[in-house]
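# Notes for the structure review
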Amino acid sequence: KFQPMIGPYDSGDPTVIEFHLLTMRMAGIDGVIVDWYGLTDFRDYAELHRNTTRVLQCCERLGMKFVICYEDQTIPALVQAGRVQQADRVSHAAGELAWLGRYWFRSGAYVRQQGRPLLLSFGQAGLTDAEWTNCLQQSATDVVYVSQHHRRTAAAGAFDWPVPQDADRAWDRFMKQSATGDQSIPVAFPRFVDVYAEAGTGKSYGLVADDGGRRFRRQLEQAMRSGAAVVQIA
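Note that the structure is predicted; figures quoted are calculated from it, not measured. (Residues numbered from 1 in each chain as written. Predicted model: local features only at pLDDT ≥ 70, side-chain atom pairs only at ≥ 80, totals over all residues. Heavy atoms only, no water.)

### Topic: the packing of aromatic side chains
This structure, assessed with the given rule, holds 15 aromatic pairs. Pairing F105 with Y110 gives two aromatic rings, centres 4.9 Å apart and planes at 65°, and the pair type is edge-to-face. Given a relative accessible area of 2%, F105 falls into the buried group. Three or more aromatic residues link up through ring pairs in this structure, and these residues are W36, F66, Y70, W99, Y103, W104, F105, Y110, W132 and Y145. (Phe/Tyr/Trp six-rings, centres within 6.5 Å; stacked < 30°, edge-to-face > 60°. Buried < 20%, exposed > 50% of the residue type's maximum accessible area, 1.4 Å probe, protein only.)

### Let's talk about the packing of helix α6 (residues 167-177) against helix α8 (residues 214-225)
In the contact formed by α6 and α8, the axes pass within 12 Å of each other and the chain directions differ by 5°. It follows that α6 is roughly parallel to α8 by the angle criterion. Facing D168, W171, D172 and M175 of α6, the residues of α8 in contact are R215, R218, Q219, Q222 and A223. Along the lines of polarity and charge, the residues of the contact of α6 with α8 split into 3 nonpolar, 2 polar and 4 charged. (Axes fitted to C-alpha atoms, helices over the stretch in contact; angles between N-to-C directions. Helix = DSSP H or I, 4+ residues; strand = E, 2+ residues; numbered from the N terminus. Parallel < 35°, antiparallel > 145°, perpendicular 65-115°, else oblique. Contact = heavy atoms within 4.5 Å. Nonpolar A, V, L, I, M, F, W, Y, C, P; charged D, E, K, R; others polar.)

### Quick word on the layout of surface pockets
When its volume is computed, the largest pocket comes out at roughly 2,400 Å³. Secondary structure elements with two or more residues in the lining of the largest pocket: α1 (14-26), β1 (31-36), α2 (45-62), β2 (65-70), α8 and β8 (232-233). Among the elements that make up the lining of the largest pocket, the one with the highest residue count is α1 (7 residues). Across the lining of the largest pocket, the residue classes break down as 38 nonpolar, 8 polar and 4 charged. As a volume, the second largest pocket reaches approximately 480 Å³. Together, 16 residues line the second largest pocket, and F122, W161, F192, Y196 and Y205 are the ones closest to its centre. Partitioning the lining of the second largest pocket into residue classes produces 9 nonpolar, 5 polar and 2 charged. (1 Å grid on protein atoms, 1.4 Å probe; cavity = no way out; pocket = protein on both sides within 12 Å on 5 of 7 lines; lining within 4 Å. Points joined across faces, edges and corners; volume = space filled by probe spheres on them.)

### Examining the pairing of strand β5 (residues 144-148)
Within a regular strand, side chains alternate between the sheet's two faces. Within β5, 5 of the 5 residues are buried, leaving the element largely enclosed by the surrounding structure. With 4 bridges joining them, strand β4 (residues 116-121) and β5 adopt parallel strand pairing. When the bridges of β5 are listed, L120 appears paired with V146. Following the backbone out of β4, through helix α5 (residues 129-138) and into the adjacent parallel β5, one traces a crossover that is right-handed. The pairing of β5 with strand β6 (residues 157-159) spans 3 bridges and is parallel. What sits directly across from V146, in β6, is G157. (Pairing = 2+ DSSP bridges. Right-handed = clockwise from strand over helix to strand, strands pointing away.)

### Comments concerning α1
Every α-helix carries 3.6 residues per turn, so stepping three or four residues along brings you back to the same face. Compared with the 18 Å implied by 1.5 Å per residue over 13 residues, the 18 Å span of α1 between its first and last C-alpha is a close match. Buried within α1 are the following residues: V16, I17 and L21. Take α1 and look down its axis: the buried residues cluster within an arc of 130°, on one side only. Relative to its buried face, α1 has exposed residues pointing more than 90 degrees away, namely T15 and M26. Where α1 is buried, its residues touch β1 and α2. With a side-chain oxygen lying 2.9 Å from the backbone nitrogen of T15, the N-terminal cap of α1 falls on D13. Positive backbone phi, approximately 90°, marks G28, located one or two places after α1. (Expected span 1.5 Å × (residues − 1). Arc of directions from axis to C-beta. Polar contact = N/O pair within 3.5 Å; in protein donor to acceptor, adjacent residues only side chain to side chain.)

Here you go:
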């Protein structure tokens, strides 16, 4: 359906990473937010960690910025596989944050707000609201935590993400709700197309057409005018 201009590629290839980051920088994008699945050698998590390390190293070299979005849905998967005990869900997440505090958060390329590293979490199906509060209380590193779609109790704000079933109304709703001076991060996206049904892995989330670029232009212009410290392009 879609093919990269450079053809199929290995996302861990340092040359490809450099090409992508340079293309972003030429387009006026300051840096990247990377989904991170943690440190455990399970499924493809170790490979994703290795590739994320390469992206950070390239950001440092090119003078670009870097933020981690933690996929805490990894924790129920690790519990189900017997790799983490149910009672250790919070301590496992706190250990992941402790590692980030010792290493990536200290990078000069890592985004900080009010002197604190910015941390996102993706989804609502991993840690509960109370578990996130407990996790951040245990953390030795004081972070600016931002949760997806809805501001959790311990979060400084929320970040938006495409909702294909209700794309425009969900986007407008987030922009209205987040105009309260917190650390919310709006998103701009040109379209949404997935291959889950086509690949036989599950139902499609739906299609959002690009509308000749008008949707992306409207979202990006409004997000930039919102005064948000960070605007995400998906």
